[in-house]
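Residue strings, one per chain:
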Amino acid sequence: MKVLPFKIPKPESAALVYQEDLVPFFYDKLHQHEEIQLSYIVKGEGTLIVGDTINYYKTGDIIVIGSQLPHVFESDQEQYKQSHMLTLFFTETSFGNDFFELDELAESKAFFKKAKHGFKITSNQTEITALFKRIKTATKSERFIILLKLLNLFSISEYKSLSSFIYEKTFSVIEGERMRDVFEYTMTNYNKDITLESIANVANMTKNAFCKYFKKYTNKTYGQFLNELRIEHACKLLLSKKNLTISDIAYKVGFNNISNFNRQFKKVKHLTPLIYKSENSHNM
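Presented here is a report on the structure given in the accompanying data block. Everything numeric in this text was worked out from a predicted model, so none of it was measured.

Parameters at a glance
- Residues numbered from 1 in each chain as written.
- Predicted model: local features only at pLDDT ≥ 70, side-chain atom pairs only at ≥ 80, totals over all residues.
- Heavy atoms only, no water.
- Pairing = 2+ DSSP bridges.
- Helix = DSSP H or I, 4+ residues; strand = E, 2+ residues; numbered from the N terminus.
- Axes fitted to C-alpha atoms, helices over the stretch in contact; angles between N-to-C directions.
- Buried < 20%, exposed > 50% of the residue type's maximum accessible area, 1.4 Å probe, protein only.
- Salt bridge = Lys/Arg side-chain N within 4 Å of Asp/Glu carboxyl O.
- Core = buried A, V, L, I, M, F, W, Y, C linked by side-chain atoms within 4.5 Å.
- Contact = heavy atoms within 4.5 Å.

Quick look at the sheet that holds strand β6 (residues 71-75) now. The three strands lie next to each other as β4-β3-β6, forming an open sheet whose pairing is antiparallel. The open sheet terminates on both sides in strands that have one partner only, identified here as β4 (53-57) and β6. Neighbour to neighbour, the strand axes of the sheet diverge by 20 degrees on average, direction disregarded. Pairing geometry for strand β3 (residues 46-50) and β6, over five bridges, is antiparallel. Paired with Leu48 across the two strands is Phe73, which belongs to β6.

As structure tokens, this is what we get:
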């Protein structure tokens, strides 16, 4: 598997590709591909980085990742020994350059617009999940019909955008490998003290060059990215580890003092940790 760009393995004549991942953890290297990705998480949870934003995915989530949108799934193996995902891959031109311009498919324009940022479905999950579950045993023509039904539902369903930054270009292999190394190091060591010098060394760059490089490709500073990753992990601990205090969690995710943790948490989530825990405990 290439790192960036990532090539979806498919027969030359295939316009629509179905993939089932039943593995200990999902493919965890930063990558992007031309195909739009429609995924249903049958089992698993973890961190999902899409474009410039850190998200959390869980069992039952329905996720769309747009063409050439960099992303990485980091499975949480503490919760699940096996991860399971059903996915359809296709491009805007898979069925001909003008197929989605047909009047009969006018509603799909809303889908493609949302897909540029990636999004997670927040309504109509039952109907969409039922369609995904039919894909495995469907014929190729039936899968095509299911895709059209999914696009219609995705166009009218409520959703949450996954990224605020649209990527207009494909990473080169060298750029992709460098960014992959930075992301992997950060996701592995987020709970430790990561200095600007140490992460610049991972990228094999000077500190100044690294800061410009990271901001160019993620639309945020490395410090912002690191804090957001730590806060996402803190959110999970707040809801799943009832025996840990706020202070315990702050130190577990890499903050040196509780005041800075509270400040950064409110900056990212617009809530204090306690209010976040109170308002979201019912979701666990």
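Residue placement: Asn201 occurs in helix α5 (residues 196-202). On the accessibility criterion, Asn201 (52% relative accessible area) is exposed. For Asn201 and Arg263, which are 62 residues apart along the polypeptide, the C-alpha to C-alpha distance reads 29 Å.

The next thing to look at is the pattern of salt bridges. Summed over all chains, the structure comprises nine salt bridges. In this structure, the salt-bridge partner of Asp181 is Arg180, at a minimum N-O distance of 2.7 Å. Residue Asp181 is classed as partly exposed on the basis of its relative accessible area, which comes to 27%. In this structure, Glu232 engages Lys269 in a salt bridge whose closest nitrogen and oxygen atoms are separated by 2.6 Å. In this pair, Glu232 sits in helix α7 (residues 222-240) while Lys269 sits in helix α9 (residues 258-269), placing the two residues 37 residues apart along the sequence. Exposure remark for Glu232: the relative accessible area of 10% places this residue in the buried category. Here the residues in one salt-bridge network are Lys58, Asp61 and Lys120, joined through shared partners.

So, about the nonpolar core. Core analysis: the largest hydrophobic core is formed by 37 residues, its most contacted members being Val182, Phe183, Phe210, Phe214, Tyr222 and Phe261. When contributions to this core are tallied by element, the ones reaching two or more residues are α4 (173-189), α5, α6 (207-218), α7, α8 (246-252) and α9. The element contributing the most residues to this core is α7, with 10 residues. Apart from the residues lying within four places of it in its own chain, the contact partners of Phe210 are Val182, Leu196, Ile199, Ala200, Ala203, Met205 and Tyr222. Within the second largest apolar cluster, 29 residues are counted, among which are Leu105, Phe111, Ile121 and Leu147.

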